[in-house]
Amino acid sequence: MIHVAELIQRKRDGEELPVGDVAELVLAYARDEVPDYQMAAFCMAVFFRGLSGAETFALTDAMIRSGETIDLRAELGRKVVDKHSTGGVGDKTSLAVGPIVAACGVPFGKMSGRGLGHTGGTLDKLESIPGFRVELSHQDFVAQVREVGLAIIGQTANLVPADKRLYALRDVTATVDNVSLIAASIMSKKLAGGAEAIVLDVKVGDGAFMKTLEDARELAETMRELGRRAGREVVCVLTDMDQPLGCAVGNALEVREAVHTLRGEGPPDLTELALASAAHLLALSDLAVDESEARARAEQAVDEGTALQAYERWIRAQGGDPDEAALPTAPVVREVRAEHGGYVSRIGAVRVGVAALRLGAGRATKEATIDHAVGVVCRRKRTDRVEAGDVLAEVHARDDTGAATAAAEVLAAYEVGDGAPVERPIVLEVIA
């Protein structure tokens, strides 16, 4: 029997705890044998003292063992791949990556989450498609990955329940902001979900959780090490989130943009990130191709239309209507125009995300409902030249009042200066 108060004290004093004690603490908490106040104290001690690599893996492994796990290799006889993003503004990459990978003959199975605050959730975007079902049984999930090559569903209630409890506790005790705890939370879900090869898209910048490249690199290395200890192959891609990804911010608007990307008509930054992520997954898969060949196959899937066909098969398989015309549209569209000429030097990702949130595209609380039609479309991006009166963005709103408020917020997010800013690639670094 563990002595929780003693573990709290030892971690508070900077000791490295035995991995068995860390695991038993987490499992006992999941069984309601440790009260919230003691677990909150432990999290605060970890927040200030940190966890070693062994302690972090023990925490991750215990969260996985607190619930059910999925072994996709055993059930499918194939190496299944997955992609995860740490969250950003306008990040609809998975909606394009999944079909590209599936079109190349590699099974893609993903359990995803919902958005909270200014970052959108993949499930919310998919639910803007009429009829789309995000809840599938375990058997249906596996069967769809086998038959269609692609499935993205909501996380089941029995998958890493300890993480759900622990994250909710951290959220109200100011202990979210710790690399080890963040990494354990993300990787416990990815590892329990059954994929053997994972690409982690770690966002960096204004609209991301990690504001600096150094912080993002630390998180990426920690998650990659957790994957290595669990016998999984992990590639981390550090990507720019100082401006929204692509142009669209808002659920149906982002789905539409993902479809355009699969047609070869997407924004350059989203297209590059989707192709780069797909290439990493293909290179990690059982196709036995190198990075160069993987990239060529991903590009071919888009050019020949097979990626778009894979998308349509996937959406139909989960009950949705893949016709772009079926997506909901907002009744009010207001243009945001430049007040003077120059170069777009910055678009505050958080400001655009918050404007979309206030329109109804996101949730301020977990109980809030989503308006799938509303959002923002950034018609001009960083380094673009504009003249006074040019359209910078569009606000898609439910009414004129909301449109006016959001238009002012979006205009404030744009900075237009005299000098042309230096180009910045979407992929800042790859850790592989």
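Look a little higher up for the structure.
Quick caveat: nothing in here was measured; it's all calculated off a predicted structure.

Caption draft 1: Local environment of the sheet that holds strand S11 (residues 391–397). One open sheet accounts for four strands, arranged S6-S9-S11-S7; its pairing is antiparallel. Both outer strands of the open sheet, strand S6 (248–249) and strand S7 (332–337), are each paired with one neighbouring strand and no more. Relative to S11, S7 is paired through six bridges, and the arrangement is antiparallel. Looking at the pairing, Arg 337 lines up with Val 391 of S11. Packed onto the sheet, helix H16 (residues 349–361) meets S6, strand S9 (375–378) and S11 and runs at close to 145 degrees relative to S9.

Caption draft 2: Just a negative patch on the surface, in detail. Where like charges cluster on the molecular surface, the negative patch consists of Asp 177, Glu 214, Asp 215 and Glu 218. Turning to its location among the elements, Glu 214 is positioned in helix H11 (residues 213–229).

Caption draft 3: A look at unusual backbone geometry. Although it is not a glycine, Asp 32 adopts a positive phi angle of roughly 65 degrees. Mapped onto the secondary structure, Asp 32 falls in the loop between helix H2 (19–30) and helix H3 (36–49). With relative accessibility at 58%, the residue Asp 32 sits in the exposed group.

Caption draft 4: Representation of the packing of aromatic side chains. Scanning all chains against the criterion turns up three aromatic pairs. Consider the rings of Phe 47 and Phe 48, whose centres lie 5.3 Å apart with planes at 85 degrees: the pair is edge-to-face. Residue class for Phe 48 comes out exposed when judged on its relative accessible area of 63%. Judged by centre distance (5.8 Å) and plane angle (80 degrees), the ring pair of Tyr 311 and Trp 314 falls under edge-to-face. Taken together, the residues Tyr 311 and Trp 314, both in helix H15 (residues 306–317) and three residues apart, mark about one turn of the helix. Grouping residues by exposure puts Tyr 311 and Trp 314 together as buried.

Caption draft 5: Region of interest: the pattern of salt bridges. What the rule picks out here adds up to 38 salt bridges. Across the pair Glu 196 and Arg 73 runs a salt bridge, and its minimum N-O distance is 2.7 Å. With Glu 196 in the loop between helix H10 (179–192) and strand S4 (197–204) and Arg 73 in helix H5 (residues 72–76), the pair connects residues that are 123 residues apart, well separated along the chain. In this structure, Arg 382 engages Asp 240 in a salt bridge whose closest nitrogen and oxygen atoms are separated by 2.8 Å. Remark: Asp 240 occurs in strand S5 (residues 233–240) and Arg 382 occurs in the loop between S9 and strand S10 (385–386); sequence separation between them is 142 residues. Judged by relative accessible area, which is 3%, Asp 240 ranks as buried. Salt bridges sharing common partners tie together Asp 240, Asp 242, Arg 382 and Arg 424.

Conventions used here
- Residue positions are counted from 1 within each chain, in the order its sequence is given.
- For a predicted model such as this one, the threshold for reporting local features is a pLDDT of at least 70, and the threshold for listing and counting side-chain atom pairs is 80 or more; totals across whole chains, interfaces and linings nevertheless cover every residue.
- The basis for every side-chain value is the complete set of heavy atoms in the structure, and neither hydrogens nor water enter the calculation.
- By this definition, two strands are paired if DSSP reports at least two bridges between them.
- Only DSSP runs of H or I covering at least 4 residues are called helices, and only runs of E covering at least 2 are called strands; the numbering of each starts at the N terminus.
- We call two residues contacting when some pair of their heavy atoms lies within 4.5 Å.
- The convention used is that axes are lines fitted to C-alpha atoms, helices contributing only their stretch in contact, and that angles between N-to-C directions extend from 0 to 180 degrees.
- Residues qualify for a patch when their relative accessible area is over 30% and they have no salt bridge, like charges being joined within 9 Å and the nonpolar side chains of Val, Leu, Ile, Met, Phe, Trp and Tyr within 5 Å.
- Residue exposure ignores everything except the shown protein chains as possible cover, and the areas themselves are Shrake-Rupley values with a 1.4 Å probe.
- Salt bridge, as used here: a side-chain nitrogen of Lys or Arg that lies within 4 Å of a carboxyl oxygen of Asp or Glu.
- Note that His is not counted, nor are the chain ends; the positive residues are Lys and Arg, and the negative ones are Asp and Glu.
- Here the site of a charge means NZ on Lys, CZ on Arg, CG on Asp, or CD on Glu.
- When accessible area is computed with a 1.4 Å probe and restricted to protein chains, residues below 20% of their type maximum are described as buried, those above 50% as exposed, and intermediate ones as partly exposed.
- Any pair of Phe, Tyr and Trp rings, taking the six-membered ring for Trp, is counted once the centres come within 6.5 Å. Such a pair is stacked with planes under 30 degrees apart, edge-to-face with planes over 60 apart, and tilted for the rest.

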